[in-house]
Amino acid sequence: MDEKLLAERFKRFAEHECKGSSPLYEFLSQQISEDGDLLALSSFCSSGQPVPNLFLGSVHYLLLLGVKHELGEYYASLAKNPRSPEGSFLPFKDFCLQHGSEIIKILQSRRVQTNEVRRCTYLYPSFCSIYEKVKRPLALVELGTSAGLQLLWDKYNYSYGTEETYGDMDSSVHLSAKLRNGTLPRLPKTSPPVVSRIGIDLHVVDLSKEDEYIWLKALIWPEHADRMECFENAADCFQSQSAELIEGDAISLLPRVAGQSPDESVLCIFHTHVANQFSEAQKAKLLDTVRHIGGKQDVLHLYNNITDVGRLHLDSFIDGNESHEIVGDTDGHGRWFDWSFSS
């Protein structure tokens, strides 16, 4: 990837993703976009990966591992009273130049993987609506599952700007989000029945390994203490739950995995902010694969980032009938969503 394109990616990341959310990453990304040395270093990212996320995550990872440097004083995840972002660039560049070989190794071996547990705030009403439609237990298959934390959406509890709470009342994981537009359907007090959970990822994350646990933490932006807390609680919850995580190409494995759905259940394939790492050919193949599966068994496909960014879609193949609906627009970190789906 040439320097000009990399610079545009960092500028876009600063302006459209970090602004209003991470002052440190917004400032650093703008500065990186104008620095040839750091753009050259970031060019070692694996093909298909979101470069700014991976590059900044790699630096954060080394700091979380305990590498000592002045740069850590600017990270809210490391410093109790972090210094102003405006002074962070020179220490950031110095850190990168000192640890360039370690950063390159991370860029070439690690991937940006879904660890945003709060996206379950819109998965929960989506699956409740799906259950109301089909009245059958749900067999979950998540593509790009990472560590499998979103497979446990029924094991968390939720609130949406009122005193009402839904989901698993005994859970230590509480997630909240703002319903920006629309009206949620009547939600049950308890979660829909789930009979199986399978996650597929090219690189499954094993939370029992400290380096992999820290890598997922490193992908959370430094100022986002609430996201960090949600991740840590969900990771603890995962230790006591049963889910099968399979390493491999999700699209290729999907037909075989789909055939394992328990009798009397309905297959629910889902993924959030994963398809943005697919090529156009892979996106088309995935949709064709799901349609082919839908010709053999009932299946629902809940997803975003295939035909547009952020908008949540539901494709249904029930009793030989195909339908396509918009569930709503979603925030990448699950802070808010819009609801336009009719159950």
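In this report, we go over the structure that sits alongside the text. The structure displayed is predicted, hence computed values, not measured ones. (Residues numbered from 1 in each chain as written. Predicted model: local features only at pLDDT ≥ 70, side-chain atom pairs only at ≥ 80, totals over all residues. Heavy atoms only, no water.)

Considerations on the packing of helix α2 (residues 23–32) against helix α4 (residues 51–65)
Two elements in contact, α2 and α4, have axes whose closest approach is 11 Å; the angle formed by their N-to-C orientations is 120°. Here α2 runs over α4; the crossing is right-handed. Contacts from Tyr25, Leu28, Ser29 and Ile32 in α2 reach Phe55, Leu56 and His60 in α4. Here the contact of α2 with α4 is built from residues that sort into five nonpolar, two polar and no charged. (Axes fitted to C-alpha atoms, helices over the stretch in contact; angles between N-to-C directions. Helix = DSSP H or I, 4+ residues; strand = E, 2+ residues; numbered from the N terminus. Left-handed = near helix turned anticlockwise from the far one by under 90°. Contact = heavy atoms within 4.5 Å. Nonpolar A, V, L, I, M, F, W, Y, C, P; charged D, E, K, R; others polar.)

Notes on the pairing of strand β6 (residues 194–201)
The element β6 is extensively covered by neighbouring structure, given that seven of its eight residues are classed as buried. Across four bridges, the pairing between β6 and strand β7 (residues 244–247) is parallel. Opposite glycine 199, over in β7, you have leucine 245 as the bridge partner. (Buried < 20%, exposed > 50% of the residue type's maximum accessible area, 1.4 Å probe, protein only. Pairing = 2+ DSSP bridges.)

Describing the sheet that holds strand β11 (residues 321–329)
Ordered in space as β7-β6-β1-β8-β9-β10-β11, the seven strands form an open sheet in which the pairing is mixed. Strands with a single pairing partner mark the edges of an open sheet, and in this sheet they are β7 and β11. Averaged over neighbouring strand pairs, the angle between their axes works out to 15° when direction is ignored. Across five bridges, the pairing between strand β9 (residues 299–303) and strand β10 (residues 311–318) is antiparallel. When the bridges of β10 are listed, valine 299 appears paired with phenylalanine 317.

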